[in-house]
Amino acid sequence: MSPDPGLAHRVTAVREAVQAAAREAGRDPAELTTVVVTKFQPVSLVRELAELGMRDVGESRHQEAREKAAELADLSLSWHFVGQLQGKKARQVQRYARVLHSVDRESLLDALALPAGAEAEPGRPETDVFLQVNLTDDPARGGVAPAALESLAERAEAAPGLRLVGVMAVAPREGEPRQAFATLRGLSERVQRIAPDATAISAGMSGDFREAILEGATHLRIGTAITGIRPDPR
Ligand SMILES: *Cc1c(COP(=O)(O)O)cnc(C)c1O
């Protein structure tokens, strides 16, 4: 099946916009990873995206993500989990997702880490972990409060089997996204004092990836600007 021309156009348009924002920021576009968020989209669309060279795929629901990863096991895709994570599902998510963007509490780190003294499974890489920060006043939004981020980072840095790669946030619905991403950049600097290698910043969605790139984002999570309208959740 040849890819839908609309999809190919959107992939190209987003690539060009990402490169333009990188140039505007004086950054090398090669520092940026675009994760295409395919939640609620059919497996066939993920396959078309892979043909178009989009191999970092983001999902936000475990059940759906697991099924898609299994159906697409013939492709070499990198699965990123970007949704709220339930403690009891955490280890199952690790089986297919190499990167978790939404770790926001100590109990999750404990569930994800190898038990103390356990050997890493041969051939099984560490799981890359972003700490999600809540930049809103609403505790239901997911993410650790900024004031608790550094202690969570200490715990993550010490967790066997996990590699703390950086911080993640969603810009609040109200207010200037650029301001929110500037705050996130400051929080990233604080985390890097604890974990010098945790330099990645997961920020920027369809409507605000330019602002995120201007404030140092390294991992963009882009859904509808690439995929088109998202179907309703099943
Ligand atoms: C759905 C989702 C995205 C992508 O959103 P778009 O507005 O479609 O680009 C990014 N990050 C997270 C955490 C999401 O749940």
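Keep in mind that this is a model prediction, so the values were computed, not measured. Per-chain numbering applies: the sequence of each chain, read as written, is numbered from 1 onward. Given that this is a predicted model, residues contribute local features only at a pLDDT of at least 70 and side-chain atom pairs are listed and counted only at 80 or more, while totals for whole chains, interfaces and linings are drawn from all residues. For side-chain calculations, the full set of non-hydrogen atoms in the structure is used, while hydrogens and water are omitted.

A.B. asks: When you look at the site of the ligand in this model, what are you seeing that I'm missing?
C.D. replies: The immediate surroundings of the ligand are formed by Val37, Lys39, Val82, Met205, Ser206, Arg221, Ile222, Gly223, Thr224 and Arg230. Between lysine 39 and the ligand, the recorded distance is 2.6 Å, taken from a side-chain N or O atom to an oxygen atom. N or O atoms within 3.5 Å of each other form a polar contact, as long as, within protein, one can give a hydrogen and the other can take it, and as long as residues adjacent in sequence are counted only when both atoms are side-chain atoms. One nitrogen or oxygen atom from the side chain of arginine 230 is found 2.8 Å from an oxygen atom belonging to the ligand. For every accessible area listed, the method is Shrake-Rupley and the probe measures 1.4 Å; residues are considered covered only by the protein chains on display. Starting from 390 Å² of accessible surface for the ligand in isolation, the protein chains cover 86%. Detection works on a 1 Å grid of protein atoms alone, calling trapped sets that fit a 1.4 Å probe cavities and calling open sets with protein on both sides within 12 Å along at least five of seven lines pockets, with lining residues defined by an atom within 4 Å of a point. Grid points define the cavity or pocket, and a molecule sits in it when more than half of its atoms lie within 2 Å of them. Structurally, the ligand is housed in the largest pocket. Of the residues contributing to the shell around the ligand, the split by class is four nonpolar, three polar and three charged. Nearness is judged by heavy atoms alone; a residue qualifies as near a molecule or strand once a single heavy atom is within 4 Å of it. In this classification, the charged set is Asp, Glu, Lys and Arg, the nonpolar set is Ala, Val, Leu, Ile, Met, Phe, Trp, Tyr, Cys and Pro, and all remaining amino acids, among them Gly, are polar.

A.B. asks: Is there a simple way to think about the layout of surface pockets in this case?
C.D. replies: Taking a probe equal in size to a water molecule and rolling it over the atoms shows the remaining empty space. Roughly 630 Å³ of internal volume is contained in the largest pocket. Around the largest pocket, the lining comprises 27 residues; the ones closest to its centre are Lys39, Arg141, Val170, Met205 and Arg221. Along the lines of polarity and charge, the residues of the lining of the largest pocket split into 10 nonpolar, 11 polar and six charged. Grid points are joined across faces, edges and corners, and a volume is the space filled by probe spheres set on the points. In this structure, the second largest pocket encloses a volume near 210 Å³. Here the element with the most residues in the lining of the second largest pocket is helix α1 (residues 5-24); it accounts for five residues. The way it works is that DSSP assigns letters per residue, a run of H or I at least four long becomes a helix, a run of E at least two long becomes a strand, and they are numbered from the N terminus.

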